[in-house]
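Fold and geometry: a report
Residue-level listing of the chains:
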Amino acid sequence: MKKLALLLLALLLVFTASVAMADMNAPEYLAVEAQELPDAEDMFINYEDYYGQVLHGYYNFDCYVNENVTRTAKFYIPEGTVYNQPTVFITVPSGVNTWGFFVESGWKDAADKYVFHAVLAEPVDQQWGDIESEVEYLAALRDDVSYRPFFVSFSSNFYAVGYGDAADVLMKHSMSKPLQWACAACIGITGIDDEYLASRATTPSKEDGVMMSEVSMPMFITATEKTEAVQKVIDYWKKADNVEDVAYSCAYADEVYFEGFYTTKEAMDYEPINRVYYSTAATEKYYEAETIDHIYNDFLCKYMQYPGTGNGSLRTNADIYEVGFQKFEGMVWGGYDTENKSDMYKREWFVYVPSTVNPDVPAPMVFDFHGAGGTGNEIAGRTGWIKVAEDRGVILVCPTGSHTLSIRNVSDITTNELFRCMWNTGAATEGTPDDKLFIRDLYAWMCENYNIDTGRVYATGQSSGGAMSHAMAGYCPDIFAACAPVSALATPNNYVETDNVALMVCIGCGDPYFKAAGFGGDSAGFSDGKGVVTYWTNRYNTVKQWEDFTYMNDNAVCSFVTGNFRNYVFPTKTGVPMLRCVEVMGKVHAYLPSEAYMIWDECFAQFTKDAEGNLYYQNTLVVFD
């Protein structure tokens, strides 16, 4: 009798799955055709909705995999998305229509409800093929989307979900390229072959001495049966994610494993928040709206995978509005039409006043500038300045940069720079504002609306934001007491020298932009370390010069080393460190929270200005020869 009941249950599950598959291939779904993406040449600037997301709806995308293979995928962009909205990559199982699966699986409703971008990776003729070739397709698709093909995605919050036979494809891809997702959910896996699992333990990662099997990523796994092959996959991720071997449970998973807690300085840059979830359940359970809500809100969106060291920097995804940020918008003059000021742009900025700030006491303020492709709503979390601001009582202002109406060819995609905000440190053009004017206007607005200590105003930023920080030191020294560019160097050109400003410049030793040259680069342009150092040391007549040090190697001659920070200090004759350069060992093109604390404690907090603009170091007037 018991065997008969089990047989009936199995037949019922098969029937239920068949019905679901049939529904996904219903005629009304087969009739839906994805729209074609627009031509980059047809884009235009909407000055009154400067950061508006252009596309909404269901689109086809041709993904170039290699010279012999071009595959298709689908984009779904709900109404109301903004720049850098989360993006969920969903691998569609074999045998079903892509749109039908998206609707019937419940993921379309979730995308509309929680307003995230969805990228649907689809098999050829509704059938997934060889896993190795499919892994190549997923990697190419993920990279293409990171280049922002007509919608603004942000690779730090890329999440992946796979169902059925596509779950095994996604699982192998995740083991092959774990840094491509912040986390992944593989629903209905059968397992990965032993040979491939073993190969991960002998394949080097991007960090010396670390194998691919040691690269972590939060993972959600389900299978209809916990076979030996499935158990090996669970064990793989338990080891990679350094979780404790204690299984908890929750409403949507039978087993939940937590990463062991540790207290080291690395926890600031890489938080110990890995999780491994496992559940033995029918795949259909993970088509239910309540379960999808859990997977999206309680698993996927809990993580951000930032650049940091070679193997990334996993940190908590903090909702900036829950933290306490406020968003502001306003029409700002771009600087091109000097007669009528007709070039007005609707700019945006985000302000954080931590609980440690007394509104009755003037507070210091830090401008935090995002990098190319970022926006003001993500930079504070990525750089760790939210925590610094709270701990040190600092008001943060995080503006969003500008974009240009120009064609951008990257990979095999032709898109538009409208989808890639960055900072214009030069003069205004007909379609691009002068961002220096924006910051001057924003500084005045902040002083009008908040109790700002105008003698303690500072600027920092990463990559393009680092270049903007250089520009603030060079062109707006009357506003700032100190600036700290990160992951950027700039060639000084016609800088304003009526006011003095201190500078701390931070570069990663593993940054591909600087790895070969770094501070040792003699060429003009992005890697002109010598030009930066020479300009500022000459301007302030420092006792140390460029030639007194060597750079970018383990045996470099420097001032001192603390942890992974190799420091080069260029003091004045009275010992004031007006220029300090820092090489961050092991860091790629990134901004670490430990850098933010160092920048505040060892640079910004040391420099102030009085009402006349005189610079002070540790409350002593800075005097130059």
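Residues numbered from 1 in each chain as written. Predicted model: local features only at pLDDT ≥ 70, side-chain atom pairs only at ≥ 80, totals over all residues. Heavy atoms only, no water.

Re the overall build of the protein
Filter applied, for reference: Here a helix means four or more residues in a row that DSSP labels H or I, a strand means two or more in a row labelled E, and each is numbered from the N terminus. In this setup the radius of gyration rests on C-alpha atoms only. A globule is expected at 2.2 Å times the number of residues raised to 0.38. Think of it in three bands: with a 1.4 Å probe and only protein chains considered, a residue is buried below 20% of the maximum accessible area for its type, exposed above 50%, and partly exposed in between.
Counting its secondary structure elements, the protein contains 17 helices and 28 strands. Over its C-alpha atoms the protein spans a radius of gyration of 26 Å, differing by no more than 12% from the 25 Å that the globule rule assigns to 625 residues. In terms of principal-axis extent, the alpha carbons of the protein reach across some 95 × 55 × 55 Å. A buried classification covers 57% of the 625 residues belonging to the protein.

Details of the sheet that holds strand β28 (residues 620-621)
The following threshold applies: Two strands pair under a simple rule: DSSP has to find at least two bridges between them.
An order of β26-β27-β28 is seen for the three strands of this open sheet, with the pairing classed as antiparallel. Bordering the open sheet on either side are β26 (607-609) and β28, each of which pairs with just one other strand. Pairing between β26 and strand β27 (residues 615-617): three bridges, direction antiparallel. Within β27, the position partnered with F607 by the bridge is Y617.

Some words on the state of the cysteines
Where we set the bar: Only a pair of cysteine sulfur atoms within 2.5 Å qualifies as a disulfide here.
Counted by the stated rule, this structure contains zero disulfides. Between C301, a free cysteine, and C183, which holds the nearest cysteine sulfur, the sulfur-to-sulfur gap is 8.0 Å. Its relative accessible area of 14% is what places C301 among the buried residues. Free cysteine: C558, not disulfide-bonded; nearest cysteine sulfur from C509 at 10 Å. In this structure C558 comes out as partly exposed when scored by relative accessible area, which is 21%.

Some points on the pattern of salt bridges
Any two side chains of opposite charge can pair, so long as their charged atoms come close to each other. Definition in use: For this document, the term salt bridge refers to a Lys or Arg side-chain nitrogen within 4 Å of an Asp or Glu carboxyl oxygen.
Using the criterion set out here, one finds 26 salt bridges in the structure. Across the pair K232 and D194 runs a salt bridge whose closest N-O atoms are separated by 3.0 Å. Highlighted residues: K232 in helix α8 (residues 228-240) and D194 in helix α7 (residues 194-200), separated in sequence by 38 residues. By relative accessible area, K232 is classed as partly exposed at 30%.

As for the pairing of strand β8 (residues 219-223)
As a reminder of what qualifies: For a crossover, the right-handed case is the one in which the path from the first strand over the helix to the second runs clockwise, viewed with the strands pointing away from the viewer.
The buried count for β8 comes to five of five residues, which makes it a mostly enclosed element. Residues M219, I221 and A223 of β8 are buried on one face, and the alternating residues F220 and T222, pointing to the opposite face, are buried as well. Sheet analysis places strand β7 (residues 183-187) next to β8, joined by four bridges and oriented parallel. Along β8, the bridge assignment pairs I187 with T222. Between β7 and its parallel partner β8, the chain crosses via α7, and the hand of that crossover is right-handed.

Observations regarding the sheet that holds strand β3 (residues 69-77)
Where we set the bar: Contacts are assigned to residue pairs that have any heavy atoms within 4.5 Å of one another. Whenever a helix is involved, its axis is fitted only over the stretch in contact; in every case the axis is a line through C-alpha atoms, and angles between N-to-C directions fall within 0 to 180 degrees.
Spatially, the 11 strands line up as an open sheet ordered β1-β2-β3-β5-β4-β6-β7-β8-β11-β10-β9, and their pairing is mixed. Strand pairing shows two members of the sheet lacking a second neighbour, β1 (35-36) and β9 (248-250), which therefore form its edges. Two elements, strand β6 (residues 158-163) and β7, share five bridges in a ladder whose sense is parallel. Across the sheet, Y159 pairs through a bridge with C183, a residue of β7. Against the sheet, helix α5 (residues 131-146) contacts β2 (57-66), β3, β4 (87-91), β5 (117-121) and β6, and its axis sits at roughly 120 degrees relative to β2. On top of the sheet, α8 reaches β8, β10 (253-258) and β11 (275-280); it is set at about 170 degrees to β8, its chief contact.

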